[in-house]
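Read off the chains here:
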Amino acid sequence: MVDMRNGGCDVCGGEEIYTARIHLETPTALFKMLHAEKVNLYTCVSCGFVQMFLSQTEEQIHWVRNCWERV
């Protein structure tokens, strides 16, 4: 799969990619409340495909390792 951060869409081959930084709120069993993280969204305006990436700070990596299920 192509990383849309490089300006291309793997789904349709489009090259018009836009990005936005948003807050993502997810429930966490550890604290029994919503946890907010900053994520970067990338979308292709040709087909609407979206990719999402965490900023990968040490705090975010710790949160993922402790609160998400490993595949």
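What counts, and where the lines are drawn
- Residues numbered from 1 in each chain as written.
- Predicted model: local features only at pLDDT ≥ 70, side-chain atom pairs only at ≥ 80, totals over all residues.
- Heavy atoms only, no water.
- Helix = DSSP H or I, 4+ residues; strand = E, 2+ residues; numbered from the N terminus.
- Buried < 20%, exposed > 50% of the residue type's maximum accessible area, 1.4 Å probe, protein only.
- Contact = heavy atoms within 4.5 Å.
- Areas by Shrake-Rupley, 256 points an atom, 1.4 Å probe, with all protein chains shown as cover.
- Salt bridge = Lys/Arg side-chain N within 4 Å of Asp/Glu carboxyl O.
- Phe/Tyr/Trp six-rings, centres within 6.5 Å; stacked < 30°, edge-to-face > 60°.

Student: Is there a simple way to think about the overall build of the protein chain in this case?
Tutor: Helix and strand counts for the protein chain come out as 1 helix and 3 strands. Scanning the protein chain from its N terminus toward the C terminus, one meets helices and strands in the order β-β-β-α. Classification of the 71 residues of the protein chain by burial places 25% in the buried group. For the protein chain, the proportion of contacts with a sequence separation of at least 24, taken over those separated by at least 6, is 39%. By element, 53% of the accessible surface of the protein chain is carried by carbon and sulfur atoms, the whole surface being about 5500 Å².

Student: Help me understand the pattern of salt bridges, please; the structure alone is not making it clear to me.
Tutor: Two side chains carrying opposite charge are able to pair once their charged atoms lie near each other. Under the counting rule described, the total for this entry stands at 1 salt bridge. Here Asp3 and Arg5 are joined by a salt bridge, their closest N and O atoms 2.8 Å apart.

Student: Would you take a moment to explain the side chain of Asn40 for this structure?
Tutor: Looking at where Asn40 falls in the secondary structure, it is placed in strand 2 (residues 33-44). When near neighbours in sequence (up to four residues on either side) are disregarded, Asn40 contacts Ala20, Arg21, Gln51, Met52, Phe53 and Ser55.

Student: Help me understand the packing of aromatic side chains in this model?
Tutor: Here the distance between the centres and the angle between the planes together describe a pair of aromatic rings. Under the counting rule described, the total for this entry stands at 1 aromatic pair. Ring geometry for Tyr42 against Phe53: centres 5.8 Å apart, planes inclined by 80°, an arrangement best described as edge-to-face. Residue Tyr42 is found in strand 2, and its partner Phe53 is found in strand 3 (residues 50-54); the two are separated by 11 residues along the sequence. Taken as a pair, Tyr42 and Phe53 share a single burial class, namely buried.

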